[in-house]
Amino acid sequence: MTTSPPLTYAEPFIKIRPSTGWAALNLREIWKFRDLLLSLASRDLKLRYKQTALGVIWVVVQPLMAAGIFSFVFGKVAQLPSDGVPYLLFSFAGLLGWNLFSNTVTKCNGCLVGNSQLISKVFFPRLILPLSTVPSVLVDFAVAAAMMTVLMFINGVVPGWGILLLPVLMGMLLMLALGIGLCTAALSVSYRDVQYIVPVFMQILLYASPIAYAVSAVPAHLRSVYLLNPLSAPLEAFRASLLHTSWPSASSLAGAAAVSGLVFLSGLYSFKRMERKFADVI
C-alpha cells in the first residue's frame, strides 16, 4: 500500500498587512472621499438645528449671553481692565476664538462613537469623521464673526493690519483642537470615560484662558506659569487682531505655534495607530 505525499501549498504572492505609522496616512484616499466629508458636515449642520425655533441664530445667542455674563462678573463686579474696549466686545472677541477651538474638540471627541454603525459596516478612511467636523465649525464661526462685525461697527472699532494674521491664528487654534480631538476620539472608542472627562477639562480650560480677561490681569508672579497654556498667546493675539488690544510677545506666539503643530502631529499619529481596532472594539 502506497501513501501519497502530503499536499503542499505554494506561498501566496501577495500578503496583505495593515499599514503602520505614517504609511497609513493616505492623503490621496482622503481626497477621494471628500464628498463623504462634505455630506457628513452638512448632515451635522442640519441635525443640530432641526426642529429649533431660532435655528442657526443660537450660534450668536449663546456667545452673546456668555459675553454678557462675563461683562457683569469680570467687568462690573471684579472691575478687571479691558484695554480700553467695551467689555462686551472684549469678551465676545475672546469667545469667538475660544468657540472655534472648543467646538472642534467637542465634536471630534464624539464623532467615532456617534457614528459607530457607519464604522462597523462601511469602509472609508476613518479620518474623514473628525475632519468632517471642521466645515460645520467654520460655518458657525462665520455666523458669529458676522455678529462680531456688527458689534464692532456699533462701537466704532475698525480693525488694523493685525486682521491679516487672523487666518494664521485660526489655523493655530484648529491644529491644536484637532490634535486633542483626534487623540480623545480614538481613546473614547475603547474608553468611554473620555467622553465625560473632556467636557470637564474644557470647562476648566475656559477659565484658565484669556477669554473674559486679559493676560495682564494675571498676577505677575503667576504669569510665567499661566503662559504655559498653549491657548494663552493665540487667544490674546486673536482678540488683538480685531480690537487693537495688547499683543502677546513674539516668542510666546512662536512657542504656541510650535506646540500646536506638535500636538496636531501627535494626535494624527495616535489616531492612525489605533484606527485598525475601531471596527472591532466600537
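Keep in mind the model is a prediction, meaning the values are calculated, not measured. (Residues numbered from 1 in each chain as written. Predicted model: local features only at pLDDT ≥ 70, side-chain atom pairs only at ≥ 80, totals over all residues. Heavy atoms only, no water.)

1. Some remarks on the overall build of the chain
Counting its secondary structure elements, the chain contains 13 helices and zero strands. What you see in the chain, going N to C, is helices and strands ordered as α-α-α-α-α-α-α-α-α-α-α-α-α. Across the 282 residues that make up the chain, the buried fraction comes to 42%. In the chain, the proportion of contacts linking residues at least 24 apart, taken out of those at least 6 apart, comes to 79%. When the accessible surface of the chain is summed, it comes to about 15700 Å², and 67% of that surface belongs to carbon and sulfur atoms. (Helix = DSSP H or I, 4+ residues; strand = E, 2+ residues; numbered from the N terminus. Buried < 20%, exposed > 50% of the residue type's maximum accessible area, 1.4 Å probe, protein only. Contact = heavy atoms within 4.5 Å. Areas by Shrake-Rupley, 256 points an atom, 1.4 Å probe, with all protein chains shown as cover.)

2. So, the state of the cysteines
Counted by the stated rule, this structure contains zero disulfides. Here cysteine 108 stays unpaired: no disulfide links it, and the sulfur of cysteine 111, its closest cysteine neighbor, is 5.5 Å away. (Disulfide = S-S within 2.5 Å.)

3. Quick look at the packing of aromatic side chains
Counting across every chain of the model gives eight aromatic pairs. With a centroid separation of 5.7 Å and an interplanar angle of 45°, the aromatic rings of tryptophan 98 and phenylalanine 101 are classed as tilted. Of this pair, tryptophan 98 and phenylalanine 101 both sit in helix 4 (residues 87-114), three residues apart, roughly one helical turn. Accessibility expressed as a relative area gives 0% for phenylalanine 101, which makes it buried. Ring pairs connect the aromatic residues Phe70, Phe74, Tyr207, Tyr213 and Tyr226, which therefore count as one cluster. (Phe/Tyr/Trp six-rings, centres within 6.5 Å; stacked < 30°, edge-to-face > 60°.)

4. Side note on helix 7 (residues 133-154)
Helix length check: helix 7, at 22 residues, gives a terminal C-alpha distance of 32 Å against a target of 32 Å (1.5 Å per residue), a fit within 8%. Within helix 7, burial applies to Thr133, Val134, Ser136, Val137, Asp140, Phe141, Ala144, Met148, Leu151 and Met152. Each buried residue of helix 7 lies within a common arc of 160° when the element is viewed along its axis, so the set occupies one face. Away from the buried face of helix 7 by more than 90 degrees, exposed residues Thr149 and Phe153 are located. Next to the buried residues of helix 7 lie helix 2 (34-48), helix 3 (58-77), helix 4, helix 6 (128-131), helix 8 (166-190) and helix 11 (232-243). Backbone geometry just downstream of helix 7 places glycine 156 in the positive-phi region, at approximately 70°. (Expected span 1.5 Å × (residues − 1). Arc of directions from axis to C-beta.)

5. Describing the nonpolar core
In this structure, Trp98, Phe101, Met148, Phe238 and Leu243 are the most contacted members of the largest nonpolar core, which totals 53 residues. Broken down by secondary-structure element, the contributors of at least two residues to this core are helix 3, helix 4, helix 7, helix 8, helix 9 (194-207), helix 11 and helix 12 (250-274). When residues in this core are grouped by element, the largest group, 11 residues, is from helix 4. What methionine 148 contacts, discounting residues up to four positions off in sequence, is Leu89, Phe92, Ala93, Leu96, Leu242 and Leu243. (Core = buried A, V, L, I, M, F, W, Y, C linked by side-chain atoms within 4.5 Å.)

6. Considerations on the packing of helix 8 against helix 11
At a closest axis distance of 10 Å, the pairing of helix 8 and helix 11 adopts a crossing angle of 155°. Taken as axis vectors, helix 8 and helix 11 run roughly antiparallel relative to one another. Seen along the crossing, helix 8 lies across helix 11 with a hand that is left-handed. Contacts between helix 8 and helix 11 involve Leu166, Leu169, Met170, Met172 and Leu173 from the first element and Pro234, Leu235, Ala237, Phe238, Ser241 and Leu242 from the second. (Axes fitted to C-alpha atoms, helices over the stretch in contact; angles between N-to-C directions. Parallel < 35°, antiparallel > 145°, perpendicular 65-115°, else oblique. Left-handed = near helix turned anticlockwise from the far one by under 90°.)

7. Regarding the environment of threonine 104
Tracing the backbone shows threonine 104 in helix 4. Of the residues examined, threonine 104 reaches a relative accessible area of 0% and is grouped as buried. With sequence-adjacent residues up to four places away left out, threonine 104 is seen in contact with Asn99, Thr133, Val137, Leu174, Ala177 and Leu178. A polar contact of 2.7 Å, which involves the side chain of threonine 104, links it to the backbone oxygen of leucine 100. (Polar contact = N/O pair within 3.5 Å; in protein donor to acceptor, adjacent residues only side chain to side chain.)

Remember that the coordinates give geometry; whether it matters functionally is a separate question.
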